Amino acid sequence: MCDAGFETVKFVFPAGEKSKNVPTLLSLLNFMAGGRITRDSTVFALGGGVVGDLAGLAASLYMRGVGLVQLPTTLLAAVDSSVGGKTAVDLPAGKNLMGAFYQPDLVICDTDTLGTLPDSEFSNGCAEVIKYAFISDASILDMLDGSRIDELISRCVAIKRDIVTADEHDRGERQLLNFGHTFGHAIEKCSGYTIPHGSAVAAGMVIMATAAVNKGLCDTISLELLKTALRSCGLPVETHYSEAELFDTIQSDKKRSSDRITLVVPRRVGLCELTEVTLDIAREFLRLGMGGL
Ligand code: GLY
C-alpha cells in the first residue's frame with residue numbers, strides 16, 4: 001500500500017475473544033485519533049472474527065464512520081463474520097452486546113491465508129460451515145474435507161448473502177444464522193471465552209437438535225448426521241456445563257426481548273425454523289437437549 005502512495009498505520013492486539021472488549025476498542029479509537037486517521041481513511045481488518053468485529057465497530061464509530069475493508073484470514077471469518085455487516089465487542093453481561101450494523105465496502109478473502117493457521121482454527125470455522133448445511137444446503141456436508149475450499153466458502157457466503165439481503169437488521173430470517181448460537185454463546189460465556197466460538201456453537205447445535213428430536217420436530221438421522229459431521233471436524237458434541245449454568249447465562253442473551261426468545265429449531269438437514277418461545281419453553285428445550293434421547 002505504501003508503494004502505491006498510501007500512508008498506513010498498524011494497530012495490533014492480542015488474539016482471541018478476550019480482546020474483544022471495550023478497553024481494546026477504546027485503545028483502537030484513540031490510536032486512530034492519534035494517527036492522523038481522517039474521514040476519508042479506510043480501516044483494513046486483517047485477521048479472524050475478533051479482528052473483523054472489533055475493527056468494524058471502530059470503523060463505524062470513528063468520525064461517525066470511515067471506510068471498512070474486511071480481510072478474513074480464518075475459515076470462520078471467511079464464511080461468516082466478515083460478511084453481513086455485524087460488528088461488536090463483548091460486555092461483561094454477554095457476547096456482542098455492544099455493536100452496530102456497518103457494512104464493509106469490500107471483503108477480500110485470500111484462501112492461501114487459511115494454510116497459515118493451526119488445524120484447530122480450521123475446525124472452529126467448520127462449525128459455521130455445518131450450520132449452513134443445516135439451515136440451507138445439506139450437500140455442504142460433502143465438502144467438509146476442505147479439498148474444494150474456494151467453492152465451499154463461496155457457497156456459504158452465497159447463502160449468507162441471500163439471507164442478509166432479505167433481512168439485514170436481524171428482525172426475522174437472518175436469525176436462522178444463529179442456529180446453535182443461543183446455547184453456544186452461553187457455553188462461551190460460562191467458560192470465560194476460553195472455549196472457542198466454533199466448539200461452543202457445535203455443542204449448541206447438538207443441544208438444539210437433540211431437543212428437536214425429543215419434541216418430535218426433527219428426525220434422528222439428521223441429529224446423527226450432525227454429530228458425525230462435527231466429530232469428523234474434531235468438534236465437540238456435548239458440553240460439561242449444567243442446564244442451570246447455561247440457562248442463567250441465556251437470560252442475559254442479547255436476543256431476549258421481555259420474556260421471549262427466538263430459537264432456531266432444525267427440522268432436518270437443510271431446513272431450520274424460527275420459533276419464538278417463552279423463557280420457560282427455552283429452558284425445556286435446554287433440558288430436553290441435554291438429557292440425551
Ligand atoms: N453471524 C450471524 C449473522 O451475521 O447474522
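So, a few notes on the structure that sits alongside this text. Computed from a predicted model, the values in this text were never measured in an experiment. (Residues numbered from 1 in each chain as written. Predicted model: local features only at pLDDT ≥ 70, side-chain atom pairs only at ≥ 80, totals over all residues. Heavy atoms only, no water.)

As for the packing of aromatic side chains
Enumeration according to the criterion identifies 3 aromatic pairs in this entry. On the numbers, 5.3 Å between centres and 55 degrees between planes, the contact of Phe-11 with Phe-31 is tilted. With Phe-11 in the segment before helix H1 (22–34) and Phe-31 in helix H1, this residue pair connects regions lying 20 residues apart in the sequence. Here the aromatic residues Phe-11, Phe-13 and Phe-31 are joined through ring pairs into a cluster of three or more. Above the ring of Tyr-132, the side-chain terminus of Lys-131 is found at 4.9 Å from the ring centroid. Taking the ring centre of Phe-285 as reference, the NZ or CZ of Lys-215 above it sits at 4.9 Å. (Phe/Tyr/Trp six-rings, centres within 6.5 Å; stacked < 30°, edge-to-face > 60°. Helix = DSSP H or I, 4+ residues; strand = E, 2+ residues; numbered from the N terminus. Lys NZ or Arg CZ within 6 Å of the ring centre and 35° of its normal.)

A word on the state of the cysteines
On inspection of all chains with the given rule, the structure shows 0 disulfides. No disulfide involves Cys-272; its sulfur sits 8.1 Å from that of Cys-218, the nearest cysteine. (Disulfide = S-S within 2.5 Å.)

Structural notes on the packing of helix H4 (residues 119–135) against helix H5 (residues 149–166)
It is at 11 Å that the axes of H4 and H5 come closest, and there the two elements cross at 55 degrees. Looking at the two axes, H4 sits oblique to H5. The two elements H4 and H5 meet at a crossing, and its hand is left-handed. Residues Phe-122, Val-129, Tyr-132 and Ile-135 of H4 form the contact with H5, whose participating residues are Ile-149, Leu-152, Cys-156, Ile-159, Lys-160 and Ile-163. Considering only residue class, the contact of H4 with H5 consists of 9 nonpolar, no polar and 1 charged. (Axes fitted to C-alpha atoms, helices over the stretch in contact; angles between N-to-C directions. Parallel < 35°, antiparallel > 145°, perpendicular 65-115°, else oblique. Left-handed = near helix turned anticlockwise from the far one by under 90°. Contact = heavy atoms within 4.5 Å. Nonpolar A, V, L, I, M, F, W, Y, C, P; charged D, E, K, R; others polar.)

Observations regarding the nonpolar core
Ile-130, Phe-134 and Leu-230 are the most contacted members of the largest nonpolar core, which has 65 residues in total. Considering each element in turn, this core owes the most residues, 12 residues, to helix H7 (residues 197–214). Residues within four places of Phe-134 in sequence aside, it is in contact with Leu-141, Phe-179, Ser-222, Leu-225, Leu-226, Arg-268, Val-269, Gly-270, Leu-271 and Cys-272. (Core = buried A, V, L, I, M, F, W, Y, C linked by side-chain atoms within 4.5 Å. Buried < 20%, exposed > 50% of the residue type's maximum accessible area, 1.4 Å probe, protein only.)

Side note on a nonpolar patch on the surface
Together, Met-1, Phe-6 and Phe-44 make up an exposed nonpolar region whose accessible area comes to about 330 Å². In this structure, Met-1 sits in the segment before H1. (Patch = residues over 30% accessible without salt bridge, like charges linked within 9 Å, V, L, I, M, F, W, Y side chains within 5 Å. Areas by Shrake-Rupley, 256 points an atom, 1.4 Å probe, with all protein chains shown as cover. Salt bridge = Lys/Arg side-chain N within 4 Å of Asp/Glu carboxyl O.)

Observations regarding helix H6 (residues 181–190)
Summarising burial for H6: 8 of the 10 residues are buried, a large majority. If you check which residues of H6 are buried, you get His-181, Thr-182, Phe-183, Gly-184, His-185, Ala-186, Ile-187 and Glu-188. Packing partners of the buried residues in H6 comprise strand S4 (94–101), H4, H7, helix H9 (243–250), strand S6 (260–268) and helix H10 (279–290). Of the residues trailing H6, Gly-192 is marked for its positive phi of about 65 degrees.

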